[in-house]
Amino acid sequence: MSNEWPELGVLELLVGVDDHGSLGAAARIAGIAQPNASRAIKKLEARVGAPLLQRKPTGSTLTPEGTVLAHWSRKVLDDARHLLDVAAGMREKRAAELTVSASMTVAEHLLPAWLGQFRRAAPGVTIHLQVRNSRQVCADVTAGQCDIGFVESPTVPRALHSIAVAYDRLVVVVDPHHPWTRRRRPLTVAELARTPLVVREPGSGTRTTLDLALHEYERAAPLLELGSGAAIRTSVLGGVGPAVLSTLAVAAQVESGELKIVEVEDLHLERTLRAVWRPPRQLEGPAGDLVRLVRRVPARTSRRSPPPERR
């Protein structure tokens, strides 16, 4: 193999094949046309003197030699990203910016306080906030369209790093005149599953958590699908039907008696709210400062402290 340095782009493709199971997927994520990606991999194979991909109709997998190179490619790419981060930090005249993508529940009920404290601690940082559902937040982070994301979904993509920042719980809520408020016994999970509910759209963390909890039961079609917890709360207040919402979204209305919580036997809907970001693992700059601040804030959603970082 010659002493010429390999292009970082072809190393990114090699890692992408390992993560996503095909050269086509790796090329799309890297923003490279597939014919160009194929030529780059073949050029690297010629330089290495060994095949790096096992090409199949269903996709591509790494050969043993490809697996070894992908392992070292990850290290090289992480170091290259760190180099770029350091270089960016050296440009003192450049105004610091932070783009945050957050799921609806986090954006509506937690981020205002978090960002208020962050602005007091770092007044020179310009903050841009994007409000999405959890699936879209993960897509924003993966595509590099934001510096940090906050999600409420039970899982995050393998390619992202994540850390717990708070907790909340989903509860069944109805208006005070709903027949469920006169029950002497809790609902069963099967009864809840058979009932048409006002729900969030697919891809939201609230919808995903509920769907996972009820996946073994026969489900009724949704009564309504709405794009925010606030819209669902308004619908329940108006007597449209029951819903499953975060305690963050209904705390004031439950306290005032405008909404009633209905207990469901053996249904546990506690969940972890997470910050998510792209590699490298160590989160630096304003995004790292924000996450460290958030984890120091006493979470009104739970008395538990966030656990150590995952991935």
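This is a predicted model, so every value here is computed, not measured.

Conventions and cut-offs
- Residues numbered from 1 in each chain as written.
- Predicted model: local features only at pLDDT ≥ 70, side-chain atom pairs only at ≥ 80, totals over all residues.
- Heavy atoms only, no water.
- Salt bridge = Lys/Arg side-chain N within 4 Å of Asp/Glu carboxyl O.
- Helix = DSSP H or I, 4+ residues; strand = E, 2+ residues; numbered from the N terminus.
- Buried < 20%, exposed > 50% of the residue type's maximum accessible area, 1.4 Å probe, protein only.
- Patch = residues over 30% accessible without salt bridge, like charges linked within 9 Å, V, L, I, M, F, W, Y side chains within 5 Å.
- Areas by Shrake-Rupley, 256 points an atom, 1.4 Å probe, with all protein chains shown as cover.
- Phe/Tyr/Trp six-rings, centres within 6.5 Å; stacked < 30°, edge-to-face > 60°.
- Lys NZ or Arg CZ within 6 Å of the ring centre and 35° of its normal.
- 1 Å grid on protein atoms, 1.4 Å probe; cavity = no way out; pocket = protein on both sides within 12 Å on 5 of 7 lines; lining within 4 Å.
- Points joined across faces, edges and corners; volume = space filled by probe spheres on them.
- pLDDT = per-residue confidence, 0-100.
- Contact = heavy atoms within 4.5 Å.
- Arc of directions from axis to C-beta.
- Expected span 1.5 Å × (residues − 1).
- Core = buried A, V, L, I, M, F, W, Y, C linked by side-chain atoms within 4.5 Å.
- Axes fitted to C-alpha atoms, helices over the stretch in contact; angles between N-to-C directions.
- Parallel < 35°, antiparallel > 145°, perpendicular 65-115°, else oblique.
- Left-handed = near helix turned anticlockwise from the far one by under 90°.
- Nonpolar A, V, L, I, M, F, W, Y, C, P; charged D, E, K, R; others polar.

Remarks on the pattern of salt bridges
A full pass over the atoms with the stated rule returns 13 salt bridges. Note that E152 and R271 form a salt bridge whose closest N and O atoms lie 3.5 Å from each other. With E152 in the loop between β5 (148-151) and β6 (161-174) and R271 in strand β11 (residues 270-277), this pair connects stretches of sequence that are 119 residues apart. A residue is classified by how much of its surface remains accessible, and E152, at 1% relative accessible area, is buried. A residue is classified by how much of its surface remains accessible, and R271, at 6% relative accessible area, is buried. The partner of R219 in a salt bridge is D211, and the shortest N-O contact between them spans 3.3 Å. A relative accessible area of 34% means that R219 is categorised as partly exposed. Beyond isolated ion pairs, a larger network of salt bridges with shared partners links R207, D211, R219 and E225.

Re a nonpolar patch on the surface
Residues L223, L224 and V240 make up a contiguous nonpolar surface patch of about 220 Å² in total accessible area. Looking at the element boundaries, L224 is found in strand β8 (residues 224-226).

Description of the packing of aromatic side chains
Each pair of aromatic rings is reported with the distance of its centres and the angle of its planes. Tallying each qualifying case throughout the model produces 1 aromatic pair. Across the ring face of W72, the terminal group of K75 is positioned such that the distance to the ring centre comes to 5.8 Å.

Looking at the layout of surface pockets
By volume, the second largest pocket is sized at about 680 Å³. The wall of the second largest pocket is formed by 22 residues, among which V15, D19, R74, A159 and P279 lie closest to the centre. When residues of the lining of the second largest pocket are traced back to their parent elements, those giving at least two are α1 (8-20), α2 (23-30) and α4 (64-90). Considering each element in turn, the lining of the second largest pocket owes the most residues, 5 residues, to α1.

Focus on the confidence of the model for the chain
Do not read the fine detail of predicted coordinates wherever pLDDT is low. Averaged over the chain, the pLDDT score is 88; the fraction of residues at 70 or greater is 92%. Note that residues 300-311 has pLDDT below 50 and, in this model, 29 contacts with residues that lie over four places away or in other chains.

Regarding helix α6 (residues 111-121)
Buried residues of α6: L111, W114, L115 and F118, and no others. Projected down its long axis, α6 carries its buried residues within an arc of 90 degrees, all on one side. Against the buried residues of α6 lie β3 (97-103), α5 (104-109), β4 (126-132), β5, β6 and α12 (285-296).

Re α1
Given a rise of 1.5 Å per residue, 13 residues ought to cover 18 Å, and the 18 Å separating the end C-alpha atoms of α1 matches this to within 8%. All of the buried residues in α1 are V10, L11, L13, L14, V15, G16 and V17. G21 sits one or two positions beyond α1 and adopts a positive phi of about 85 degrees.

Regarding unusual backbone geometry
The omega torsion of the bond from P279 to P280 falls at 10 degrees, within 30 degrees of zero and hence cis. Here P280 shows up in the loop between β11 and α12. Of note, the phi angle at D266 is positive, near 60 degrees, even though the residue is not glycine. For D266, the location among the structural elements is in the loop between β10 (260-262) and β11.

Thoughts on the nonpolar core
If you look at the biggest cluster of nonpolar residues, it comprises 29 residues, and the most contacted ones within it are L111, W114, I148, F150 and L290. Of all elements in the fold, only β3, α5, α6, β5, β6, β11 and α12 reach the threshold of two or more residues within this core. Once residues within four sequence positions are removed from consideration, L111 is found in contact with V100, A102, V106, G116, L129 and F150.

A closer look at the packing of α2 against helix α3 (residues 34-48)
Between α2 and α3, the shortest axis-to-axis distance is 9 Å and the interhelical angle comes to 110 degrees. Considered as vectors, α2 and α3 are oriented roughly perpendicular to each other. Where α2 crosses over α3, the handedness of that crossing is right-handed. From α2, L23, G24 and A27 reach across to α3, where they touch Q34, A37, S38 and I41. Of the residues contributing to the contact of α2 with α3, the split by class is 4 nonpolar, 3 polar and no charged.

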